[in-house]
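Here are the chains, one letter per residue:
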Amino acid sequence: MDFHKRHSVSLLSTSSMLDDNLIKKLLLTHDPDGRWLDSETMLQAVGTVMFHASTIVASNLSSASFRILKNDITEIEQLDCSEPLGCIVNKISYKIVCNCKRTADGDLNSRILSLFDLIKDYRWDAKVVLVLAAFAARYGEFWQLIQLRPQNTLADSIARIKQLPFNLRPLRPQIKALSLLVKTMMDVAMCIIEFESFLPHQHLELGNEIVTATKSLVYVAVYWIIRSSFACFCQLMDLRTKKKHDQVYSDSTIIAAWELSSLTYRLGSICNILRAQVDLCHQEIERNVQDKLLNLADEVHIDNQKVLNLLFPSKNYLPLKDCSKNVKLGVTKLKHKIVLLLISKPKLLAFEELLLLVQQTCDHPLNERFKDSYEIVWIPFPSSGTSWTDAEQSSLEFLSNSLPWYAVWKPRLLSSAVAKYIKDKWNYRDDPVIVTLDSNGTVANRNALDMIMIWGVRAYPFSASKEAELWEDQNLTMQLLLGDINPLLAYWVEKGKNICIYGSENLPWIQQFSDCITKLKQQGLQLETIYVGHSNFTEQIKNIMSSSTEINESSQLSFTKMQLFWIRLASMRRSKIRLGKTPSSDQVLAELSAMLDMNDKKEGWAVIGSCCKEDNIIRLQGMVLMDFLGRFEEWSEDLERFGLVGTARKFLDPNFVVEGPCNHSYMVSSSEGSTQGSVVTCPVCNCPMKKFVVYQP
């Protein structure tokens, strides 16, 4: 007999635990009205109560072993509920307690059905966790009084009024059986939650046999959890009313323990079968999701909803969270918007990189114009690929309550097929990426992170074509290097000042350079200096910034802004390389690489330019730089005519032509490669050249 046949027989035998008439009555009481309860968190709260109660029991008696799934539960969320959560829990508790009399099974079923009527508006998973919560509250109160009464007069007085037993040792079998039953009920409840709340049933065909069979088993499981809860309530009430002369290993205690153990055995069997069924549903969904993902590229979409529902599937829970407002959202909030999927480890980014990303999006001057047209959604992946460490979980919880964007609410529920697709098709490995989905759900850029770091919201709509467009005819200017870093840049532009950024870890060189600049300023040179250290952030750089008077006389960047400067430069280099450029063919990339690689501690360097958007920069270092600055009198007369950058080039190369636009030309045949989309710099005067197409016979 194969697995599916054996499984069908098991399901049949389990379903026969309830007659068809009773199942029909259960379904008639089920009338969910759309209200939503975070069942998983509620079950975690129940587990926390049972864990602490079990530690009290274990000090004198034996108990089932519970573990805390989440000890810092601050809120159990619910939506569209007309009454507070505590109110419905109290109603359930009162309803069961009032019916805690030993009755015939037929009468017991009528009482169980009356409880189902009370919770008819809730989903199946919410029904069971609400009933379990009602019992956990009573059970926790019982053991709290037992624990406090020896040293607390108030607790002892309350315990006497409630007639709680003084000696619990004779009740050991009953108490252990009770805790084992609650643990089994929680295991079954978790299976129900996974099936009802987390599995995206929309990816299965209507009437799928596996789903139909699992639903039937869920009805059976819910019934037996609630019936077992009745038994637990009744036996807890019995413990409260035990008389002193009854506190022996009596027949009633043994019978009570046997009753609970039989329910534990029955629920354990249901749990094993239900777990297997839920796993089968999960496997079927994974196959279907994988097939749909592979067909995405061949489909035309009118909006992004089909794609987003495939990436973030849900049945009865909202898959996204607005981190700034702590509100759960559905993917409909992203309809007709450009969606930036920020994919990373739970740590996300280094602090400075995260700060820059926030600055370039939420705090960008253009964000007010575009903020309703795009959204960022953070998708965290654990380092191991499947399991989450405590550190990763803590990082996730902190960031998901701090970020100004959206995030996946329960990232561990992401389909493994989706995770594989992201890694294989979008080339996610471990480094953070931002995948751009246009308003139709089509991938417009497999990594827009660097372009956002460089241009911020100016890069809207964050497509690969927009990235290429932004680099088109873009020179490496001070405006590009400092525009989003130094707030004084706009003032300097108005004043028409020249700017010099410089770096070194060699303090004597810094002092020599600063002395030279001070003398030049005294002679009338308009120049603002900014110390930027170098791309490797070290303690030496911090010490220089804090102790050097020469650095303090510059228009100093903070250490954080200095890091942002180098982060943007690194993003510029990666962006260029992603576009297929090389240092040998692209002057901007060559200069960026040279600046990022200038980590020589013995030799300082400087980049000089003006605030004008179209002006180029010139990079000087070591003795060449100091020689140029030391011979100010020889080139000062050229400043008014050529500007500081042009004067520096003319000084270094007497044959350099700086008047007017570049008047040099050369031909590049089509066989040598196209220059489309790149800045071509004149090899003679180092100025950007205009491009023309010439057709020759």
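Heads up: these notes are all about the structure in this document. Bear in mind the structure is a predicted one, so any value in this text is a computation, not a measurement. (Residues numbered from 1 in each chain as written. Predicted model: local features only at pLDDT ≥ 70, side-chain atom pairs only at ≥ 80, totals over all residues. Heavy atoms only, no water.)

### Structural notes on the sheet that holds strand β13 (residues 618–621)
So the rule is basically this: Only strands that DSSP links by at least two bridges are regarded as paired with each other. In this text, helices come from DSSP runs of H or I with a minimum length of four residues, and strands from runs of E with a minimum of two, each type numbered from the N-terminal end. All axes are obtained by fitting lines to C-alpha atoms, using only the stretch in contact for helices, and the reported angles, taken between N-to-C directions, cover 0 to 180 degrees.
Pairing is mixed in the open sheet, where 4 strands are placed in the order β11-β10-β12-β13. The sheet is open, and its two borders are formed by β11 (527–531) and β13, each paired with just one other strand. Shown here is a sheet whose adjacent strand axes are inclined to one another by a mean of 20 degrees, direction ignored. Where strand β12 (residues 605–610) lies against β13, 4 bridges are found, and the strand directions are antiparallel.

### Some words on empty space enclosed by the protein
Our working definition: Points on a 1 Å grid over protein atoms alone make up a cavity when a 1.4 Å probe fits among them but cannot get out, and a pocket when they form an open set with protein on both sides within 12 Å along at least five of seven lines; lining residues each have an atom within 4 Å of a point. Grid points are joined across faces, edges and corners, and a volume is the space filled by probe spheres set on the points. Amino acid classes used here: Ala, Val, Leu, Ile, Met, Phe, Trp, Tyr, Cys and Pro are nonpolar; Asp, Glu, Lys and Arg are charged; the rest, including Gly, are polar. What fixes the domain bounds is an automatic or database domain assignment.
One pass over the structure, following the stated rule, counts 1 cavity of 30 Å³ or more. One number sums up the size of the largest cavity: a volume of about 50 Å³. Lining the largest cavity are 11 residues, with Trp36, Asp38, Ser39, Ser197 and Phe198 positioned closest to its centre. Residue assignment for the lining of the largest cavity shows that the elements contributing at least two residues are β1 (36–37), α3 (39–58) and α8 (172–198). Grouping the constituent residues of the lining of the largest cavity by class yields 5 nonpolar, 2 polar and 4 charged. Each of domain 1 (29–291) and domain 2 (304–473) accounts for three or more of the residues forming the lining of the largest cavity.

### A look at the environment of leucine 569
Using the following cut-off: The cut-offs for exposure are 20% and 50% of the maximum accessible area for each residue type, with area from a 1.4 Å probe on protein chains only; residues under the lower value are buried, those over the upper are exposed, and the others partly exposed. The contact criterion used is simple: two residues touch if any of their non-hydrogen atoms lie within 4.5 Å.
Relative to the helices and strands, leucine 569 is located in helix α23 (residues 559–578). Among the residues examined, leucine 569 registers a relative accessible area of 0% and is labelled buried. In this structure, the C-alpha to C-alpha distance between leucine 569 and serine 593, residues 24 residues apart in sequence, is 8.8 Å. Sequence-distant contacts of leucine 569, that is, excluding residues within four places in its chain, are made with Leu481, Leu592, Met595 and Leu596.

### Quick look at the pairing of strand β5 (residues 338–344)
A regular strand places its side chains on the two faces of the sheet in alternate fashion. Among the 7 residues of β5, 7 are classified as buried, and the element is accordingly described as predominantly covered. Burial along β5 is two-sided: the residues Ile338, Leu340, Leu342 and Ser344 and Val339, Leu341 and Ile343 are all buried. Note that β5 and strand β6 (residues 374–380) share 7 bridges and pair parallel. Bridged to leucine 340 within β6 is isoleucine 376. Bridge count for β5 against strand β8 (residues 433–437) is 5 bridges, and the pairing is antiparallel. If you follow leucine 341 over to β8, its bridge partner there is valine 435.

### As for the nonpolar core
The line we're drawing: The term nonpolar core refers to a set of buried residues drawn from Ala, Val, Leu, Ile, Met, Phe, Trp, Tyr and Cys, joined through side-chain atoms within 4.5 Å.
Counting residues in each nonpolar core, the largest one holds 119 residues, and the members touching the most others are Phe312, Leu341 and Ile343. In terms of residues, this core owes the most to one element, helix α9 (residues 209–240), which gives 18 residues. When sequence neighbours within four positions are dropped, the list of residues in contact with leucine 341 reads Leu311, Phe312, Val377, Ile379, Trp426, Val433, Ile434, Val435 and Leu437. Counting residues in hydrophobic clusters, the runner-up holds 90 residues, among them Ile434, Cys500, Phe628 and Leu629.

### Here we look at the pattern of salt bridges
The test is simple: One side-chain nitrogen of Lys or Arg within 4 Å of one carboxyl oxygen of Asp or Glu is enough to make a salt bridge.
If you walk through the whole model with that rule in mind, you get 28 salt bridges. Residue arginine 275 is joined to glutamate 194 by a salt bridge in which the shortest nitrogen-to-oxygen separation is 2.9 Å. In this pair, arginine 275 sits in helix α10 (residues 251–294) while glutamate 194 sits in helix α8, placing the two residues 81 residues apart along the sequence. Three or more residues joined by partner-sharing salt bridges are found here, namely Asp33, Arg35, Lys120 and Asp121.

### So, the packing of helix α25 (residues 622–630) against helix α27 (residues 639–652)
Cut-off, in case you're wondering: Each angle gets one of four labels, with under 35 degrees taken as roughly parallel, over 145 as roughly antiparallel, 65 to 115 as roughly perpendicular, and the rest as oblique.
Across the interface, α25 lies against α27 with an axial gap of 11 Å and an inter-helix angle of 110 degrees. One finds that α25 runs roughly perpendicular with respect to α27. Residue-level inspection shows Val624, Asp627 and Phe628 of α25 in contact with α27, the latter providing Leu644, Ala648, Phe651 and Leu652. Partitioned by chemical class, the residues of the contact of α25 with α27 number 6 nonpolar, no polar and 1 charged.

### Overview of the packing of aromatic side chains
Heads up, the rule is: Each aromatic pair joins two rings of Phe, Tyr and Trp (for Trp, the six-membered one) with centres within 6.5 Å, and gets the label stacked for planes under 30 degrees apart, edge-to-face for over 60, and tilted for any other angle. Each ring is checked for a lysine NZ or an arginine CZ that lies within 6 Å of its centre and within 35 degrees of its normal; such an atom marks a charge sitting over the ring.
Tallied over the entire structure, the rule returns 21 aromatic pairs. Centre to centre, the rings of tyrosine 502 and phenylalanine 513 are 4.6 Å apart; their planes meet at 40 degrees, and the pair counts as tilted. Note that tyrosine 502 is positioned in strand β10 (residues 498–503) and phenylalanine 513 in helix α20 (residues 507–522), a separation of 11 residues in sequence. Residue tyrosine 502 is classed as buried on the basis of its relative accessible area of 0%. The positively charged end of arginine 35 is found above the aromatic ring belonging to tyrosine 122, 4.9 Å away from the centroid. The ring of tryptophan 124 carries the charged tip of lysine 127 above its face, separated from the ring centre by 5.4 Å.

### Comments concerning the packing of helix α6 (residues 124–148) against α8
What counts is decided by this rule: Handedness of a crossing follows from how the near helix is turned relative to the far one, being left-handed for an anticlockwise turn of less than a right angle and right-handed for a clockwise one.
The geometry of α6 relative to α8 is characterised by a closest axis approach of 9 Å and an angle of 155 degrees between their N-to-C directions. One element, α6, and the other, α8, form an angle in the roughly antiparallel class. At the point where α6 passes α8, the crossing takes the left-handed sense. Along its contact with α6, which presents Trp124, Asp125, Val128, Val129, Leu132, Phe135, Tyr139 and Trp143, the element α8 presents Ile175, Leu178, Ser179, Val182, Met185, Met186, Ala189, Ile192, Ile193, Glu196 and Ser197. Among the residues forming the contact of α6 with α8, the class breakdown is 15 nonpolar, 2 polar and 2 charged.

### A short note on the sheet that holds strand β7 (residues 406–408)
One open sheet holds the 7 strands; their spatial order is β4-β3-β7-β6-β5-β8-β9, and the pairing between them is mixed. On the outer flanks of this sheet lie β4 (327–329) and β9 (443–445), each paired with one strand and no other. Between one strand axis and the next, the sheet turns by 35 degrees as a mean value, whatever way the strands run.

### Some points on helix α7 (residues 153–161)
Side chains three or four residues apart in an α-helix point the same way, a direct result of the helix having 3.6 residues per turn. Short version of the rule: As used here, the arc belongs to the directions running from the helix axis to the C-beta atoms.
Here α7 has its buried residues at Ala155, Asp156 and Ala159. Seen end-on, α7 carries its buried residues on one side only, within an arc spanning 100 degrees. Pointing more than 90 degrees away from the buried face of α7 are the exposed residues Thr153, Leu154, Arg160 and Ile161. If you follow the buried residues of α7, they end up packed against α6.

### As for the side chain of aspartate 450
Test applied: Polar contacts, as counted here, are pairs of nitrogen or oxygen atoms within 3.5 Å of one another; within protein the pair requires one atom able to donate a hydrogen and one able to accept it, and residues that are adjacent in sequence qualify only if both atoms are side-chain atoms.
With respect to the helices and strands, aspartate 450 occurs in helix α16 (residues 449–455). At a separation of 2.7 Å, a polar atom in the side chain of aspartate 450 contacts the side chain of arginine 578. Those residues in contact with aspartate 450 that lie beyond four places of it in its chain are Ser571, Arg574, Ser575 and Arg578.

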